[in-house]
Each structure stands twice: as structure tokens, then as C-alpha cells.
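Spelled out, the chains give:
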Amino acid sequence: MPKDTIRIDELLLTLSFAADDDGNEEHSQAVLLSVIIAHDISKAARSDNVAYSIDYAAVCATLTETLPKTLYTSLEALVERVFKTLFRSHPDVDEASVVVTLQDALPHVTIETTRRRGQTSTGPYRFVINTLTFSAILGVNPRERIEKQPVVFDITIDRGSTSQERFPFVALATSIHQTFTASAFFTVEAFASAVACHVLKYTRDPEDTVTIKLSKPNALTLAASAQIQITRQRNDFADVFAGRGSEAEAEHSGSSSSFHSVALALGSNLGDRFANIETALRLLEVPTSMLSNLPEDARVSVVDTSFMYETAPMYVTDQPRFANCACMIETNLAPMELLRLVKEIETAVGRMPSMRFGPRAVDLDILMYDDRLVDTRPPDSRASLDNLIGELVIPHPRMCEREFVLRSLHDMIPHYIHPAYNKTIRALLDELVSTQTESDFPMLKVIPFPKYPLNDTEDTKIHGIHVPPTATYWTMSSNPAKHGRPRKTHLMATLNVTPDSFSDGAQHNTLPTALAYTTTAVSSGADMIDIGGYSTRPGAATVSTDEELARVLPVVQAIRAHPSPAIRDVLLSVDTFRWEVAARAVRAGVNCINDVYAFTGPAYPLDAASWEHLARMRTVARELCVPVVLMHSRGDAGQNKGYDAYNDSGGIVAAVQTELGLKVDKIVRGPGGVRRWLVLVDPGIGFSKPVERQLALMRSLGRVTAPASAPASKSALAHEPAQECERSGNPLAGYPLLVGPSRKSVWGTVLEEGDIEGVYEGRKTGTQERGWATAAAVACAVQQGASVVRVHDVAEMRDVVAVASAIWNP
């Protein structure tokens, strides 16, 4: 016969909790307490006499009076206190269940358990995390492979018993959030299963049972959501939990039905270093063409990359400097299969046997594989690191002594906790950097530019993979706090071959005038010429793709055919938002794409066509290996200037970080993404911003790409949600900053105003009269660490940059 119950439901109490591992000091917390008392009420029912029932009012009064007097270290401690109070004060209660829910917590967490009078053991316990919500790539439709959508998880962990130690609700939720916001599952089934496995690995209790309910709110038009619910234990993931660290596990633990997050380090110091690394990355994604004995469904997908760095050699110092980076991949290969693949790629790219730590065309190291510990050497041979040939140790045993590894990982997964050292990547990097001296060669962030057009001898392929050679590269400091601001502020000269640009329309729209400007700009110190064939000024006439190409391509071809090597070899950028123009311009000789709409096209607000536009532009940039300048804008430069929604969260800087960060995240992360080291960001001075916001943005340029602190937390091997600025810091952190303040109308507005004392009434200025105003803005940009300034008057702005750099970048 089922037990009758008497329930006190959701009693609201405000209780005191001690400081915890989530960074909370001693604090008060509202909780909802439910007590379900098992009691046979049949006698009370027959007699209609309350004396034969439980006095729930008395129970409620006891709990309300007693519980607030204690300082609790955990929800578990609160539950134990409830039972102790209940059984001591109410002898007619023999069995009860307790449910405690944090009223205002994010995520919503609950703990449940049942206890009998006199029971000495604790448990069973149920821990619940409700409505854990974030966005991720999920689905099979083309748009679902580009645009993240919300997913909602309800997670229940059932455990036979537990100590009174605190269950890590917040840390577990944070770990799931950080791990899976960068995932890209095709099915909810695979997604739910991966989260279940992650939870079981995180909680580490072999007896735990986890239930995952995954809701996809946008899946069905006429329904609230599509849902799937699964229940799993460790034995459902035998390939993950069995034989950890053995050679057999390393050989076979991957499977075609499960994908793993893996971190790889790449380096090169022989030949064309940057082309070698790009070739290796592309060969990774064609594993079956590299190794014939792999399963037909073997998959490797590069889903994120770090910045690229130039570093001094370690261990053997008498050799060329290295180019180093790291990447995140998703693969269904087992660890040893992956090791064989990377060794085959090293050989294909040109690595030859040499001395240990010596020069190499390319080097690929497996740093992490999920959060596993693997060592294929015999147990009695693990004391030394001199016996690693043909063996695999994960995590990589030397990673924590190499800044180029830790800094590259920090670009992607700063809060991932090293499974052996139990420290975050950020903490490991800080510890290592703190031991360095000023005499150490600084790691330099690198932007490589490919050489176009290609001639027949340069159009070589390895296993069907083509990568353009490197024309040149720019460097800047990887750690401004230690090594100062960028070593050089580069000048991008503005060449508008249009009849209607706001500043210099019809001045350089013939081939002779365009070449004359280019010649003068190069001789004056321009590092790059930015060629635009479509004016973005408010009200500019629409230009067809064919017309834009007709304006741009002849200039590009003429520059590349110029008799002077200085002119012929200057770096070129194409200022366009059209993938057709970008692709043809690059193949004609351009080295960089400058897009004022950051790949989403001129529509605003963004719609489905915007994301399709982004996918096409991203494909062009990825295939051609060109750097891209991504600017913040909102459609027409003179419209969409409202930013009040950001007044309480950082103002215009937060708006740029959030809105441009969303686009950068979609461009860099996920399968087919542009390499992180090929992205520069532009805050968009003069585009869709009122005057006062533009001035505020200029005052705070240094914050646009500055790192933002975030609390350390347990996290599996995956990425962080770059588009959610308030949760994971600044999504633009670390990207090189390009600022284009030249001759903008905002300076005309400022110059038209009188001085504060009313002595000077101000003056109206044309675009050609704003050179001195531009100089002030350029000096401001240099002072705040801009890597590039885009200007019209190269000779004059070169002087400004030189003096400002001497003052601010000694």
C-alpha cells in the first residue's frame, strides 16, 4: 500500500551561508524548503481527529524558528540540520523527505533526500540543476551550422550516499556552459549524451546516475520546444572510463560514434613557417588521405585556433626563431590513431629526422585529449622524459614550461583546468611569466600576409592541399603589460578609386592618379594600401558587383606590374563587403580583406541573409588564407545610432565588444573558421555612432581589445562563449586593433563648436581641412595601443605616428 504523506511545500527562509569555493563571502540566501513526511493518515481520516495526524503548523514553526540560527557550509549541511531538528522535536515523525531549492540562484539548483529515524547513513541524494541555458551550434540545416541557438538543460544526478561536503553545483554548471557553448553537434541525441558523459566525469563518483533533459526551443514552430531525455551511468561510456591511461585505451578509446575535444600545438622554424603550419592544419582535416588504414568515417575538424606567435627557440638556442600556435580539434580518432596522423603530416610537410629540439619544417604535439591522463610507456619507465619516441603522454609533459604553448591555449581555453596539476591554463601561464626576466626574448604576436597573385612555381600542392606562400608578416607584443605596447603602429593608406567617397571621391579614380597616390604613399612610409571601389558614405549610390570589380582590379593589377619593387611588392587590401570582389581581388594580388560590415553585409538588423553572407565571406577568407579587418557597424553609416541599451553595461565599448564580438566568434570558431591570427578588429569610428559616443570610444580605444578577468572554474576541454561578454569577459580580447579616424565628420562637428570660454566661435571644415584633427586622433590611437591606423595623408600621419610612438612606445 502506498505511503500517505503530509507536505509543507516551499517554505521560504532566509539563511546564512559561509564563504564558498565559488568566491562568495559569508552571505544570506533565500531558500525554498519542502518537507514531505510519511505518515499513515487513515486513522485520522476515519475519526476526523487531528490528534492522529502530524501537526504541520507545529513542524513549520519549529523549522522557521530553529534553522535561521545556524551558519551553513553547504546545502547538504542544511539538509542534515533539517532532519536533526525534525526527528528531535517531533517524535511522531519517523520518515521524511527534504527538498531544498535556492530561490534566487543561477542556475536553479535543488537537493533532495529521504531519511528514516535512527538511520546512520546519509542518502540517497538527488542533485538537480534546472534550466541551464546557453547557445550552441546544433542541427543539420545549413543555417543551424552557422548561427547558434538556445538550448536548455535540466540535469539530475542521483547518488547513493554522500558526505556533507558541498556539491559543486555552480562549478559543474559553469563547466558545462564553457565546454559546450563552442560545440557543434548535429543531433540532440549526441549532444545530450556528451553532456551526460561530461557530468559523470566531473562528479567522479562511480555510482552516480545522471539524467539529462535537453530542450531545443526553436526546433518546432508550433510547439514550445523539442525535447529528449536520457539516463546514463558510467558503464554506458565504457570506452571513456575503462582502462584510463593504458596503451590499449590510447589505441582504441576513440570511436566513430563519439567525438573528442583535443588541443594540438604547432610550430615551425624552417622554410615558409606560416605556410607550413597552414598546410598541416588543412591536412589534419583529410585524415583518410594521409593514412590508408583509418576507418572510412574518420573525422578531424579544426574548430578554433590561437593567435600566431614568433618565439625564441628553447633548449637548443642556436637555430632560427619559431612560429608557434595551437588549435582545438574535434575528432573521432583514438589517441594513438591521432598520433600516427600528426606524425604522417609532419613528414608530408617536410620534417626530416634531426637532433632533439632541433629545427623542423613543422612540429605537431598532442597537448590534451578531453581531460584524460594517458601514458603508453611501461609504468617502470615513466620517471624520465628521454624515452618518448613512439610513445604518447597526455597532457603533454613539457607544456607547462613553454610559454608559447600556455599562451596559445590561453587564447582559446584560459579556464580549462589541467587534469594533473589541477590549475587553470591562466594560472599556469601567470606562474611561468612571473619567472621571466626583461632580457628574455618576448613572444611576438604575428599576422602573416600571403603572396598573390601566384605564379606557376608557387602553386604547389601537398596531398591535394594548396596554401599560398607568405609575402611578409607583421609583429606586435603578445603581452603589453610586460613588453610594452605594439612595437610598431602600421599605416594603412586609403586609396578610394570611386567618384563619390566622402573625403577623396574622384581624386584617384583613374589609373594614373591611383598609381600616383600609391607611389607617394609608399615613399612616405605606408605599410599597406587599402583599395576601395564602393563608397560607404551615407547616401552613396549603389554600385554593381561588376562595376566595383572594374574599378578595383585594374588598379591591383597595375600595382603588381609596376617596375619598382617597392611599389610592386607593397601589401594591398581590398575594402569590400562582397565575397565575389574579395575573391577576385585577392587572386589578382591583394593580401587582405577590409570589410566594414564584418562579413554580414549591409543589412541591419541582421537577418538570415546576413548569416548566409557571413558564411560566404568566411569561406573566401579561409580558402585564400588572407587576413581580414572586421569593423563594427550597423548598416548605413548614418543610421542606427541608438546605444541606450548598453548604458548600464559599459556603454559604447561594451556595444562594440558585444556586437562585433558576436560576428568575430562566428567567423573564427567552429568548422571552417578563419584562423584567429588572421583577424584584426576595427571599432568603426564614423559608422552608426553619434558624436558623443564616438568621442567616448576614442577615449577608450584601449579597452576594446583589452582582456577581461573571469573567475577560475572547473572546465572540460572546450571553448568559452565569446559572444556573451558579461559571462566570459571581452570577446575581442587580444585581437590587433585597427583604427580609421581620418577626416571623419565627427572632427568637423568638434571643430565647429566654440571653446568653453566663448572666445573662439569654431569653424566649419571640409574633409580636406581636417588633417590636424586627424593627427590628434591618430596620436590618441597610438597612445592606446592601436596596431594599425588607416589614413589618407600618409606623410603627415607618419610623422604623427613616429612622435607618438616615441612618447608612448619607448
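For clarity, every value in this text was computed on a predicted model and none was experimentally measured.

Q: Tell me about helix α19 (residues 651-668), and name the residues and values.
A: Between the first and last C-alpha of α19 there are 25 Å, a value that for 18 residues agrees with the 26 Å anticipated at 1.5 Å per step. The sharpest bend along α19 reaches about 30 degrees and sits at G661. Most of α19 sits inside the fold, with 16 of its 18 residues counted as buried. Immediately beyond the C-terminal end of α19, within one or two residues, lies G670, with a positive phi of roughly 90 degrees.

Q: Can you lay out the environment of D158 for me, pointing to particular residues and giving the numbers?
A: With respect to the element layout, D158 can be found in strand β7 (residues 149-159). In the structure, D158 is positioned 32 residues away from R126 in sequence and 4.5 Å away in space, judged by C-alpha atoms. One polar contact links D158 to R126, side chain to side chain, over a distance of 2.7 Å.

Q: Give me the lowdown on the sheet that holds strand β26 (residues 628-631), citing residues and values where you can.
A: What the eight strands build is an open sheet, ordered β27-β26-β25-β24-β23-β22-β29-β28; its pairing is parallel. One side of each edge strand has no neighbouring strand; the edge strands of this open sheet are β27 (679-682) and β28 (738-739). Its contacts with the sheet place helix α14 (residues 511-523) against β22 (490-496), β23 (528-532) and β29 (788-791), and it is angled at close to 170 degrees to β22.

Q: Let's hear about empty space enclosed by the protein: which residues, and what values?
A: For the structure shown, the criterion picks out four cavities of 30 Å³ or more. Taken as a whole, the second largest cavity holds about 140 Å³ of empty space. Residue lining of the second largest cavity: 15 residues in total, with F274, E278, P448, T470 and C625 positioned closest to the centre. Secondary structure elements with two or more residues in the lining of the second largest cavity: α8 (273-284) and β18 (444-450). Residue composition of the lining of the second largest cavity, grouped by class: 12 nonpolar, one polar and two charged.

Q: Please provide a residue-by-residue account of the packing of aromatic side chains, values included.
A: If you walk through the whole model with that rule in mind, you get 16 aromatic pairs. With a centroid separation of 5.8 Å and an interplanar angle of 20 degrees, the aromatic rings of F134 and F153 are classed as stacked. Of this pair, F134 sits in strand β6 (residues 125-138) while F153 sits in strand β7, and the two are 19 residues apart along the sequence. Of the two residues, F134 and F153, neither departs from the other in class, the shared state being buried. Residues F449 and W474 carry aromatic rings whose centres are separated by 4.8 Å and whose planes lie at 65 degrees to one another, so their mutual orientation is edge-to-face. Of the two residues, F449 sits in strand β18 while W474 sits in strand β21 (residues 470-477), which places them 25 residues apart along the sequence. An aromatic cluster is built from F134, F153, F180, F185 and F191, whose rings are joined through pairwise contacts. Over the face of the ring belonging to Y315 we find R398, whose NZ or CZ atom lies 5.7 Å from the ring centre. A cation sits over an aromatic face here: K666 above W611, 5.0 Å from the ring centre.

Q: Outline the pairing of β6, listing residues and values.
A: In this structure, strand β5 (residues 108-116) lies alongside β6, joined through six bridges in antiparallel fashion. When the sheet's bridge partners are listed, V109 is paired in β6 with I129. Summarising the sheet, β6 and β7 pair through 10 bridges and their orientation is antiparallel. Along β7, the bridge assignment pairs A136 with Q149. For β6 and strand β8 (residues 184-185), the ladder comprises two bridges, and the chain directions are parallel. Pairing of I137 across the sheet is with A184, part of β8.

Q: Could you give an account of the side chain of E548, with specific residues and numbers?
A: By the secondary structure assignment, E548 is in helix α15 (residues 545-560). Assessed through its relative accessible area of 1%, E548 is described here as buried. In this view, E548 contacts G533, Y534, V543, D575, T576, R578 and V581; residues no more than four positions away in its chain are not counted.

Q: I'd like a description of the confidence of the model for the chain, backed by residues and values.
A: This prediction gives the chain a mean pLDDT of 86; 90% of its residues lie at or above 70. Under a pLDDT of 50 for its full length, residues 709-716 has, in the predicted model, 27 contacts with residues more than four places off or in other chains. Across residues 718-728, confidence stays below pLDDT 50; counting only partners more than four residues off in sequence or on other chains, it has 45 contacts.

Q: Hey, could you go over the nonpolar core for me, with residue numbers and the actual values?
A: Soluble globular proteins tend to bury their nonpolar side chains together. In this structure, L284, I529 and I531 are the most contacted members of the largest nonpolar core, which totals 145 residues. At nine residues, the largest contribution of residues to this core is made by α19. When residues no more than four places from it in sequence are discounted, the contact partners of L284 are L264, V300, V302, L341, V342, I345 and L364. Counting residues in each nonpolar core, the second largest holds 62 residues, with L15, F191, A196 and L214 among its members.

Q: Talk me through the environment of M290; I want residue IDs and the actual numbers.
A: Looking at the element boundaries, M290 is found in helix α9 (residues 287-290). In contact with M290, other than residues within four places in its own chain, are L283, L341, E344, I345, A348 and H463.

Q: With reference to specific residues and values, describe the pattern of salt bridges.
A: A side chain with one charge may pair with a side chain of the opposite charge, provided their charged atoms come close. Scanning the model with the defined rule gives 33 salt bridges in all. D208 is the partner of R159 in a salt bridge, and the nearest nitrogen-oxygen pair spans 2.8 Å. Residue R159 is found in strand β7, and its partner D208 is found in the loop between α5 (188-203) and β9 (209-216); the two are separated by 49 residues along the sequence. Neither R159 nor D208 differs from the other in exposure class; each is buried. Residues E285 and R622 are paired through a salt bridge, measuring 2.9 Å at the closest nitrogen-oxygen approach. You can see E285 sitting in the loop between α8 and α9 and its partner R622 sitting in helix α18 (residues 608-624), a full 337 residues away along the chain. You can call R622 buried: its relative accessible area is 11%. A single salt-bridge network, built from bridges that share partners, covers K148, D304, D665, R669 and R676.

Q: Any chance you could break down the packing of helix α2 (residues 56-66) against helix α3 (residues 75-89) for me, citing the residues and the numbers?
A: In contact at an axis separation of 10 Å, α2 and α3 are set at 130 degrees when each is read in the N-to-C sense. As the angle between them shows, α2 and α3 are arranged oblique. The two elements α2 and α3 cross, and the hand of that crossing is right-handed. Every residue of α3 that contacts α2 at V59, T62, L63 and T66 is listed here: R81, V82, T85, L86, R88 and S89. Its residues assigned to classes, the contact of α2 with α3 shows four nonpolar, four polar and two charged.

So, how was this worked out
- Residues numbered from 1 in each chain as written.
- Predicted model: local features only at pLDDT ≥ 70, side-chain atom pairs only at ≥ 80, totals over all residues.
- Heavy atoms only, no water.
- Helix = DSSP H or I, 4+ residues; strand = E, 2+ residues; numbered from the N terminus.
- Expected span 1.5 Å × (residues − 1).
- Bend = angle between axes of the 7 residues up to and from the residue.
- Buried < 20%, exposed > 50% of the residue type's maximum accessible area, 1.4 Å probe, protein only.
- Polar contact = N/O pair within 3.5 Å; in protein donor to acceptor, adjacent residues only side chain to side chain.
- Pairing = 2+ DSSP bridges.
- Contact = heavy atoms within 4.5 Å.
- Axes fitted to C-alpha atoms, helices over the stretch in contact; angles between N-to-C directions.
- 1 Å grid on protein atoms, 1.4 Å probe; cavity = no way out; pocket = protein on both sides within 12 Å on 5 of 7 lines; lining within 4 Å.
- Points joined across faces, edges and corners; volume = space filled by probe spheres on them.
- Nonpolar A, V, L, I, M, F, W, Y, C, P; charged D, E, K, R; others polar.
- Phe/Tyr/Trp six-rings, centres within 6.5 Å; stacked < 30°, edge-to-face > 60°.
- Lys NZ or Arg CZ within 6 Å of the ring centre and 35° of its normal.
- pLDDT = per-residue confidence, 0-100.
- Core = buried A, V, L, I, M, F, W, Y, C linked by side-chain atoms within 4.5 Å.
- Salt bridge = Lys/Arg side-chain N within 4 Å of Asp/Glu carboxyl O.
- Parallel < 35°, antiparallel > 145°, perpendicular 65-115°, else oblique.
- Left-handed = near helix turned anticlockwise from the far one by under 90°.

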